[in-house]
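# Coordinate analysis (summary)
The lines below spell out each chain.
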Amino acid sequence: MNPNTIRDPIRLALSDPRRAWSVIDGRALGSDVELECDVAIVGSGAGGGVSAEILAAAGLRVVMIEEGPLKSSDDFRMREGEAYPSLYQESAGRLTRDKGITILQGRSVGGSTTVNWTSSFRTPAATLGHWQQYHALDDLSPAQMAPWFERMEQRLSIAPWPVTPNVNNDVLRRGMQALGIPHAAIQRNVKGCWNLGYCGMGCPTNAKQSMLVTTIPAALDAGMLLVHSARVLRLGHRRERIATLLAAGMDPAGVEPGARRIRVHARHVILAAGAIHSPALLMRSAIPDPHRLLGRRTFLHPSVISAALMDGPVEAFNGAPQTIYSDHFLDSLPLDGPVGFKLEAPPIHPILAGITLPGHGAAHAAWMKRLPQMQVGIALLRDGFHPESPGGTVHLRPDGSPVLDYPISGYLWDGARRALATLAEIQFAAGAAIVMPLHDEARPLRRWSDARAAIDRLDMATLKCRVASAHVMGGCAMGSRARDSVVDAEGRHHQIENLSVIDGSVFPTSIGANPQLSIYALAARNATALAGSLRADTRPTV
């Protein structure tokens, strides 16, 4: 099939008068706008998209506000230089305050679901058990969450991927198999996937079942109003209620707020702007925070990276990005013991490879020249379960924009060193000719025995070891007690009665798995409860 025959479902719907979609482009406003609705949703990613479909289907008037633009398959041309500026926060260059961790987050309609790599895991039972024991979240057991996972797996076509892994993932599989490390295949949320490998730049065939092509169109069909390219500046509140939501249409470039204002009056407000932005908006709005919890215990899965050169072609830019994983180094360690890590393989595209590989000049160019032979493994550290892993804190800059402070403790660096050694051993076991841990002091390694000693000598320190993350969680932690949480188990704010947070910021720890399915399931649970509550509030009294 020719890619040129793919018809863009978003553009088709916008041009179809029978669909009658209501969409406002904040960059094109000629005057200020005032809106009224039952529910205003800030953000259009996993939490916002699922919530929108459920609430709109319940007959509630929904307004969704997204800072990023509305882009769809005609715009997704598998080009990094186009995708990163238009689809990611800070053009895929977001950094922690000390510049030590690169953070990849989406910024367009569909949020990170538009650009993620489709990996779908249920929240690990050990994580849910920890939340029950330490955060009094008694209603979130694996058995109680199972129906919500099942519902979203069916809705978003989450299923085992039957296609043979690409070479990048198969090297990981072969190495783990040779060493006797348990591993398995990753479930993906795709339908009719072409196995192109460019998921991180938006799916050009609409196979990825992101919010962009599933729940948001369904909500628009049910009458939702979508406002894109508009930044929510603050929430106005009186006593214990949100009274207004103030947003600004973005400038023509979509970078800074413009002059036009959008005021929304809603019975209920949902924050689904993601960890970092949801707590930041609450801070800008001076929402009550009596226990000084807001923005604290914000978690990443800090990820370390090991590159390897194979004797034959790998072409890790082709094929489904992530299909093989191992939780052995999570399952074999207690939650409160040494930090565990999840093993996966990422796709390798030239721009991200170029800004991530260490070195400069001829040495860097030599690695880039052999990009088609390069295999990469990553280890995602499970943070938040140990006294020495408190995560990070969201702060506001003088202009009101957020920044995440995320110091890496010695506890985490110990896990990072063990993870780099594990990845190197796996890559050598799979036949790697050269292994290079992504660390400024590392040198090309040609034998596992040499690698183990060399990695033991590395100075594990910020800005020396390359660390990245695409998973941001926490900052608005849920729990049953207001003294140690921002929202309750249904996402309802403890101090503001008509405010909910429904996104990954409510997780009280990291989860130890790619988080999209966890957010989908929790959003479905909490939005369903909210829809019932709001509909009950509108029933006439007898």
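The rules we used
- Residues numbered from 1 in each chain as written.
- Predicted model: local features only at pLDDT ≥ 70, side-chain atom pairs only at ≥ 80, totals over all residues.
- Heavy atoms only, no water.
- Pairing = 2+ DSSP bridges.
- Helix = DSSP H or I, 4+ residues; strand = E, 2+ residues; numbered from the N terminus.
- Salt bridge = Lys/Arg side-chain N within 4 Å of Asp/Glu carboxyl O.
- Axes fitted to C-alpha atoms, helices over the stretch in contact; angles between N-to-C directions.
- Left-handed = near helix turned anticlockwise from the far one by under 90°.
- Contact = heavy atoms within 4.5 Å.
- Nonpolar A, V, L, I, M, F, W, Y, C, P; charged D, E, K, R; others polar.
- Buried < 20%, exposed > 50% of the residue type's maximum accessible area, 1.4 Å probe, protein only.
- Polar contact = N/O pair within 3.5 Å; in protein donor to acceptor, adjacent residues only side chain to side chain.
- Parallel < 35°, antiparallel > 145°, perpendicular 65-115°, else oblique.
- Phe/Tyr/Trp six-rings, centres within 6.5 Å; stacked < 30°, edge-to-face > 60°.
- Lys NZ or Arg CZ within 6 Å of the ring centre and 35° of its normal.

### So, the sheet that holds strand β6 (residues 119–120)
Strand order in the open sheet made by the three strands is β6-β9-β7, with antiparallel pairing throughout. Unpaired on one side and paired on the other, β6 and β7 (158–160) mark the two borders of the sheet. Direction of pairing for β6 relative to strand β9 (residues 187–189): antiparallel, over a ladder of two bridges. Bridge pairing links S120 to Q187 in β9.

### Overview of the pattern of salt bridges
All told, the structure shown has 26 salt bridges when counted by the stated rule. Close ionic contact of E497 with R241 constitutes a salt bridge, the shortest N to O distance being 2.8 Å. Taken together, the positions of E497 in the loop between β23 (472–474) and β24 (499–501) and R241 in strand β12 (residues 241–250) put the pair 256 residues apart, joining distant regions of the chain. Overlapping salt bridges, with partners in common, bring together D8, R11, D74 and D75 in one network.

### Things to note about the packing of helix α2 (residues 46–57) against helix α14 (residues 516–537)
Remark: α2 packs on α14, axes separated minimally by 8 Å, with the N-to-C direction vectors making an angle of 35°. Seen along the crossing, α2 lies across α14 with a hand that is right-handed. Where α2 abuts α14, its residues A46, G47, V50, S51, I54 and L55 lie against Q516, I519, Y520, A523, A524, A527, T528, L530 and A531. Of the residues belonging to the contact of α2 with α14, the class tally is eleven nonpolar, four polar and no charged.

### Side note on the pairing of strand β17 (residues 341–344)
Both faces of β17 are covered, namely the face carrying F341 and L343 and the face carrying K342 and E344. Examined bridge by bridge, β17 and strand β18 (residues 374–381) share four bridges and lie antiparallel to one another. The partner of F341 across the bridge, within β18, is L381.

### A closer look at the pairing of β18
Within a regular strand, the side chains alternate between the two sheet faces. Burial within β18 is extensive, with eight of its eight residues counted as buried. Sheet topology places strand β15 (residues 303–309) next to β18; seven bridges connect them, and they run antiparallel. Bridge assignment links V304 to a residue of β18, and that residue is A379.

### Concerning the environment of S141
Here S141 lies in the loop between α4 (125–135) and α5 (142–155). Taking the C-alpha atoms as reference points, S141 and V486, 345 residues apart in sequence, are found 20 Å from one another. At 2.8 Å, the side chain of S141 and the side chain of Q144 are in polar contact.

### As for the packing of α5 against α14
Between α5 and α14, the least distance of the axes is 8 Å, while the angle of their chain directions is 110°. By the angle between their axes, α5 is roughly perpendicular relative to α14. Of the residues in α14, those touching α5 at M145, W148, F149, R151, M152 and E153 are L517, S518, Y520, A521, L522, A524, R525 and T528. Looking at the contact of α5 with α14 residue by residue, the class counts come to nine nonpolar, two polar and three charged.

### Some remarks on the packing of aromatic side chains
Each aromatic ring pair is described using two quantities: the centre-to-centre distance and the angle formed by the ring planes. In total, this model carries four aromatic pairs according to the counting rule given. Seen in terms of ring centroids, F121 and Y325 are 4.8 Å apart; in terms of plane orientation they differ by 80°. Their pairing is edge-to-face. Separated by 204 residues along the polypeptide, F121 in the loop between β6 and α4 and Y325 in strand β16 (residues 324–325) bring together distant segments of the chain. Given a relative accessible area of 8%, F121 falls into the buried group. Residues W131 and F507 carry aromatic rings whose centres are separated by 5.5 Å and whose planes lie at 35° to one another, so their mutual orientation is tilted. Highlighted residues: W131 in helix α4 and F507 in the loop between β24 and α14, separated in sequence by 376 residues. Judged by its relative accessible area of 1%, F507 is buried. A cation over a ring is seen here: R188 above W161, with NZ or CZ 4.5 Å from the ring centre.

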